[in-house]
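Structural overview
Chain residues, written in single-letter form:
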Amino acid sequence: MNKLKNNIIEQKPAKEKSLNLNKCLQTVFDNIESVIFMKDKNFRYEMINKAFEKVFNVNEKDVIGKTDYDIFPKETAKRIRENDEKVLFLKKQITVEESGKISDGSFVYYLSNKVPLFDENGEVYSICGVGTNITNQKAIELELHLLNATKDKFFSIIAHDLKNPFNAIISIAEGLHSNFDDFPDTDKKKLVGLILESSKNAANLLENLLVWAMSQKGEIKVEKEDINLKAIVDESFVPYKGSAENKDISIINNVINSVIVRADNNIINIVIGNLVNNAIKFTSLGGTIRINASIMPEHVEITITDTGIGMSKEVIKKLFRIDESFSTKGTNNEKGSGLGLIICKEFVEIHGGKIWVESKEGKGSIFHFTIPRE
């Protein structure tokens, strides 16, 4: 009896120690910032911690017994499943960067270490994973990437796009100055026309460059007022009428006089002007550009439609992006930097609107942008 009593007394501290250890592990499991989970070989969740609930905005009761396809959007679940299948196939730990939309629509990046657990027969019966949320780091990386792309774009425009028209102006002017008396009047007029056109292009690019620099420094102030959209459209393409006339392009303003939008007059003027100028470059001789506006319940949608050469899907993907560099010559070999469209995107989004394009090669393009109604 005494021996049994002594055994119980000796076992009690060991039992308490085990309970304390389990309590400690549970506390760490629930409070650690890393995501921890366990799935069976059929990819059903068996266990998750509090960090998992927080990062992915889910509740444990809605996860346990479910697969990723029951929890996340299809594309996100697909990427996770592919990595889980890799663990089962390779039968070893893998470290992968996973990302995707979660249930609330937000985007999450996390670095995940996935480890197979084996039974006595050496078969994988479960997958244990530990993930670190790197969404904030990714946001910083993206911001640095865009800052570098902005810097590179700025210097590229100064070194090439802005330099080239001035070189053309100087070259033509020097030839005209040196041989002025030898040129017939018709050639003189043609050369002066080329100087004028190159000067306009350089001035327009410089204006865009200055406006863009101001926007990057946060110096663009939006001062909204009620403005007549038809009048703004008429005003916006005045600087580009000469270029349109040289190519015999008709610009038709179909916006009705009663459309009033609440927006910054100067900013919307710049947006429409840049889109019209872009349409002129890529519309052939004798083409047409139409500007229309549709009143929707929550916004006004403006479209600039041209009968130009259109664009491929590959080119469309690069539009409006500062980190993509491409150059396409217009129908009269006009050169562009793509800066005008980048400015359009920034200014439309400043107003809370969206901008996009529909186009097919040889079928023209339609640029859309919206201004929210207030």
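First, a word on scope: everything that follows refers to the structure included in this document. Keep in mind that what you see is a predicted model, and the values were worked out from it rather than measured.

Rules used throughout
Residues numbered from 1 in each chain as written. Predicted model: local features only at pLDDT ≥ 70, side-chain atom pairs only at ≥ 80, totals over all residues. Heavy atoms only, no water. Core = buried A, V, L, I, M, F, W, Y, C linked by side-chain atoms within 4.5 Å. Buried < 20%, exposed > 50% of the residue type's maximum accessible area, 1.4 Å probe, protein only. Helix = DSSP H or I, 4+ residues; strand = E, 2+ residues; numbered from the N terminus. Pairing = 2+ DSSP bridges. Axes fitted to C-alpha atoms, helices over the stretch in contact; angles between N-to-C directions. Contact = heavy atoms within 4.5 Å. Arc of directions from axis to C-beta. Polar contact = N/O pair within 3.5 Å; in protein donor to acceptor, adjacent residues only side chain to side chain. Parallel < 35°, antiparallel > 145°, perpendicular 65-115°, else oblique. Left-handed = near helix turned anticlockwise from the far one by under 90°. Nonpolar A, V, L, I, M, F, W, Y, C, P; charged D, E, K, R; others polar. Phe/Tyr/Trp six-rings, centres within 6.5 Å; stacked < 30°, edge-to-face > 60°. Lys NZ or Arg CZ within 6 Å of the ring centre and 35° of its normal.

Ranked by size, the top nonpolar core spans 42 residues in total, and within it Leu229, Leu275, Ile291 and Phe369 carry the most contacts. Residue contributions to this core peak at eight residues, all from helix 10 (residues 265–281). Tyr45, Val63, Phe72 and Ile102 belong to the second-largest nonpolar core, a separate cluster that totals 15 residues.

Let us now look at the sheet that holds strand 11 (residues 355–359). Taken in spatial order, the five strands make up an open sheet running 7-9-10-12-11, and their pairing is mixed. Every other strand in the sheet has two partners, leaving strand 7 (250–253) and strand 11 as the edge strands with one partner each. When the angles between neighbouring strand axes are averaged without regard to direction, this sheet yields 15 degrees. Judged from the seven bridges that link them, strand 9 (residues 288–295) and strand 10 (residues 299–306) form a sheet pairing that is antiparallel. Bridge pairing in strand 10 links Asn292 to Thr303.

Our next topic: unusual backbone geometry. Backbone geometry places Lys91, a non-glycine residue, at a positive phi of 55 degrees. Taking relative accessible area as the criterion, Lys91 reaches 37% and is therefore assigned partly exposed. Residues other than glycine seldom take positive phi values, yet Asp248 does so here, at roughly 55 degrees. Within the fold, Asp248 resides in the loop between helix 9 (241–246) and strand 7. Given the relative accessible area of 57%, Asp248 is considered exposed.

In space, the five strands of this open sheet follow the order 2-1-5-4-3, with antiparallel pairing throughout. In the strand order of this sheet, the two ends are held by strand 2 (45–48) and strand 3 (94–101), each with one partner. Adjacent strand axes in the sheet meet at a mean angle of 25 degrees when their direction is disregarded. Where strand 1 (residues 35–40) meets strand 2, three bridges bridge the pair, whose relative direction is antiparallel. Its bridge partner lying in strand 2, Lys39 is registered against Tyr45. The sheet contacts of helix 4 (residues 74–90) involve strand 1, strand 3, strand 4 (107–118) and strand 5 (124–133), and relative to strand 3 the element is tilted by about 165 degrees.

Among the residues making up helix 8 (residues 229–236), those that are buried are Leu229, Ile232, Val233 and Ser236. Projected down its long axis, helix 8 carries its buried residues within an arc of 100 degrees, all on one side. Elements in contact with the buried residues of helix 8: strand 6 (225–228), strand 7, strand 8 (260–263), helix 10, strand 9 and strand 10. Where helix 8 begins, the capping side chain belongs to Asn228, and its oxygen is found 3.0 Å from the backbone nitrogen of Lys230.

Their axes nearest at 9 Å, the elements helix 8 and helix 10 cross at an angle of 55 degrees. On the basis of the axis angle, helix 8 is oblique to helix 10. Considering how the two elements wind past one another, helix 8 and helix 10 form a crossing that is right-handed. Residue-level inspection shows Leu229, Ile232, Val233, Glu235 and Ser236 of helix 8 in contact with helix 10, the latter providing Asn265, Ile268, Asn269, Ile272 and Gly273. Each residue belonging to the contact of helix 8 with helix 10 can be placed in one class, and the counts come to five nonpolar, four polar and one charged.

All right, on to the packing of aromatic side chains then. Counted by the stated rule, this structure contains six aromatic pairs. With centroids separated by 5.3 Å and ring planes inclined at 70 degrees, the aromatic side chains of Tyr45 and Phe52 adopt a geometry described as edge-to-face. Classification of Tyr45 by relative accessible area gives buried; the value is 4%. Look at Phe52 and you get buried, because its relative accessible area is 1%. Ring centres of Phe56 and Tyr110 lie 5.1 Å apart, and the angle between their planes is 75 degrees; this geometry places the pair in the edge-to-face category. Of this pair, Phe56 sits in helix 2 (residues 50–56) while Tyr110 sits in strand 4, and the two are 54 residues apart along the sequence. You can call Phe56 buried: its relative accessible area is 2%. One aromatic cluster is present, formed by Phe37, Tyr45, Phe52, Phe56, Phe72 and Tyr110 through successive ring pairs. The cationic tip of Lys188 hangs over the ring face of Phe180; the distance from NZ or CZ to the ring centre is 3.8 Å.

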